[in-house]
Amino acid sequence: MPLRWRLALLFALVAAVLISGVAVLFRHQLTIGMNSSLDDGLRARADAQVTRLASATPPPPSPPGAHEEQGAESHDSGSDDVAQVLALTGQVLQSSGDSRQPLASGARLQDAAREPEKFTTVIEGQQYRMLAVPARAAGRPAVVVVGTSTQIVEATAARTGKIFLTAGPPAVALVGFGAYLLAGAALRPVERLRRRLADISEHDLDARLRVPSTRDEIATLARTMNAVLDRLARALARERGFVADAGHELRTPLTTLKAELELARQPGRSREALASAVAAAAEDTDRLIRLAEDLLLLARADEGHAFLRPRRIAPHEILAAAVRSASTRAASHQVTLRLDSDEGLHLVADPDRLRQAVDNLLNNALRHSPPGGVIDVGLGHRGRSGRAVAVIEVRDHGPGFPPDLLPAVFERFRRADTARSRADGGTGLGLAIVRSIAHAHGGRVVADNPPGGGARVRLELPLPPAPSRRRDAP
Ligand SMILES: Nc1ncnc2c1ncn2[C@@H]1O[C@H](COP(=O)(O)OP(=O)(O)OP(=O)(O)O)[C@@H](O)[C@H]1O
Ligand SMILES: [Mg+2]
């Protein structure tokens, strides 16, 4: 059911409950008020009778048809009133009407002889409100009973109920209709926002919602939606750039591969030429496989997939293995690798991914180290318990990061133009992968050109609360 209808029904329901409540309360209060005023009248009449009896005023002349002992009726205000003077035996001494039937008897009469007694009774099918008070008649204890019909109270209460019953439903309907109109007015800007949002397509990256100048919830909603659209547009642009770059990167090795295969296919090629063409093709295929794996890892990291298999590890062992396997290549470049690490440090991480990150850093350092250069690899920790991090540092003594590249060096496919043109130039995904791995572990990575030259990359990974740590960061 639309929100507008729900609000209208809710308001109507609340109005119905309120009006019913008010009606019941009003009727109740009205009855109480009228009864109390009847009681006041009864008391005044009873007092007058008692005073009259006490002063032994002779009874006024009986109206025609009245009982001989009558005399009370001259003090009664209307035909709905009754009055009697009763002896304690129940004998009717005086009565306002013909009835010889006492208006009170038995225990009630005895009680009324001691203190005033209120009660209701039915006379000739009509409800009466009664008051019996002690009195003295001709020197003997007696009871004066006065009563008045409650017909007017009942009639008024019934009339009030009828008024509420007649006016209530239209009032409820009116409230519901008002709520329907109001809800419609309040929701109109939301509907406008929805329509505009529905019109925005994925090709319309710059489209935004118009923020009303009302400074209300609608304006906040529009601003929030615009912020979401901004983020989505940025993500989409990044995604498109990534796909375009990936396509571009894939095309180069594929083109070379195709050229090599075309060349090998030509007739009259020597065995050696064929072997070298196949070797070159295999190298290109390796490069393609590496690129595909890198892209896959980044895509999985983007999707937020749990691509880690973390366990408790000693990062020293990973660093030592990475340095060992890079040492042959380092030696061929006359580069020295130095490892200085805290062997007692443990952390929870995915060993394969951590090794991949370290390999990427070592590859970069080897690629940029001059012959005779030194690459320092270190492992330590910093920060206090709870926020402590393990720090893996790789530093070379080459030219350092190009300053204009440094702020964006962790972005995908970012590399210096010289790297692009070099035969051994990478694809520009190595550091992006290091960053994805760091983030997936809840850590971070920073790159800089430290004083003294060269390039330095620090990979910081959070340590478990109470690890065994022995030294500070390198
Ligand atoms: N140690 C370093 N010294 C100087 N420049 C570096 C160093 N490491 C990386 N760079 C620069 O940063 C760029 C990005 O590095 P990254 O590792 O992301 O990509 P790549 O090495 O070019 O390719 P890939 O790692 O994917 O094979 C490099 O192209 C290079 O220009
Ligand atoms: Mg690299």
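Here the structure is a predicted model, which means the values were calculated and not measured. (Residues numbered from 1 in each chain as written. Chains lettered and ligands numbered in written order. Predicted model: local features only at pLDDT ≥ 70, side-chain atom pairs only at ≥ 80, totals over all residues. Heavy atoms only, no water.)

### Observations regarding the sheet that holds strand β5 (residues 140-149)
No. 1: Sheet architecture is open: five strands sit in the order β2-β1-β5-β4-β3, paired in antiparallel fashion. Since the sheet does not close on itself, it has two edges, and those belong to β2 (92-95) and β3 (117-123), each with one partner. The average angle at which neighbouring strand axes cross in this sheet is 25°, direction not considered.
No. 2: Of the strand pairs in this sheet, β3 and strand β4 (residues 126-137) are connected by seven bridges, and their pairing is antiparallel. Bridging from a neighbouring strand, I123 pairs with Q126 of β4.
No. 3: Relative to the sheet, helix α2 (residues 106-114) contacts β1 (81-87), β3, β4 and β5, its axis offset from that of β4 by approximately 50°. (Pairing = 2+ DSSP bridges. Helix = DSSP H or I, 4+ residues; strand = E, 2+ residues; numbered from the N terminus. Axes fitted to C-alpha atoms, helices over the stretch in contact; angles between N-to-C directions. Contact = heavy atoms within 4.5 Å.)

### With respect to the site of ligand 1
No. 1: Neighbouring ligand 1 are 19 residues; N364, D396, R415, G428 and L431 lie closest to it.
No. 2: Residue G428 places a main-chain N or O atom 2.8 Å away from an oxygen atom belonging to ligand 1.
No. 3: Contact between ligand 1 and G430: an oxygen atom at 3.0 Å from a main-chain N or O atom of the residue.
No. 4: When isolated, ligand 1 has an accessible area of 590 Å², and the protein chains bury 92% of it.
No. 5: Elements that contribute at least two residues to the shell around ligand 1 include exactly α7 (351-368) and α9 (430-440).
No. 6: Among the elements that make up the shell around ligand 1, the one with the highest residue count is α7 (three residues).
No. 7: Of the residues in the shell around ligand 1, the class split is eight nonpolar, seven polar and four charged. (Near = heavy atom within 4 Å. Polar contact = N/O pair within 3.5 Å; in protein donor to acceptor, adjacent residues only side chain to side chain. Areas by Shrake-Rupley, 256 points an atom, 1.4 Å probe, with all protein chains shown as cover. Nonpolar A, V, L, I, M, F, W, Y, C, P; charged D, E, K, R; others polar.)

### Here's the deal with the domain arrangement of the protein chain
No. 1: Assigned domains within the protein chain: domain 1 (3-57 + 70-156), domain 2 (231-302) and domain 3 (311-462).
No. 2: Summarising the inter-unit geometry, the C-alpha centres of domain 1 and domain 3 are found 102 Å apart. (Domains from an automatic or database assignment.)

### Observations regarding the pattern of salt bridges
No. 1: This model, assessed by the stated rule, comprises 17 salt bridges.
No. 2: Residue E191 is joined to R194 by a salt bridge in which the shortest nitrogen-to-oxygen separation is 2.9 Å. Here the residue E191 and the residue R194 both occupy positions in helix α3 (residues 151-199), the gap between them amounting to three residues, near one helical turn.
No. 3: For E249, the salt bridge identified is with R415, shortest N-O distance 2.3 Å. Here R415 lies in the loop between β10 (389-395) and α8 (417-421) and E249 lies in helix α4 (residues 217-265), a separation of 166 residues in the sequence.
No. 4: With a relative accessible area of 13%, R415 lands in the buried category. (Salt bridge = Lys/Arg side-chain N within 4 Å of Asp/Glu carboxyl O. Buried < 20%, exposed > 50% of the residue type's maximum accessible area, 1.4 Å probe, protein only.)

### Looking at a positive patch on the surface
No. 1: On the surface, R231, R234, R238 and R435 cluster together into a patch of positive charge.
No. 2: Sort the elements by how many residues they give to the positive patch and α4 lands first, with three residues.
No. 3: Looking at the secondary structure, you find R435 in helix α9.
No. 4: Judged by relative accessible area, which is 31%, R435 ranks as partly exposed. (Patch = residues over 30% accessible without salt bridge, like charges linked within 9 Å, V, L, I, M, F, W, Y side chains within 5 Å. Lys, Arg positive; Asp, Glu negative; His and termini not counted. Charge placed at Lys NZ, Arg CZ, Asp CG, Glu CD.)

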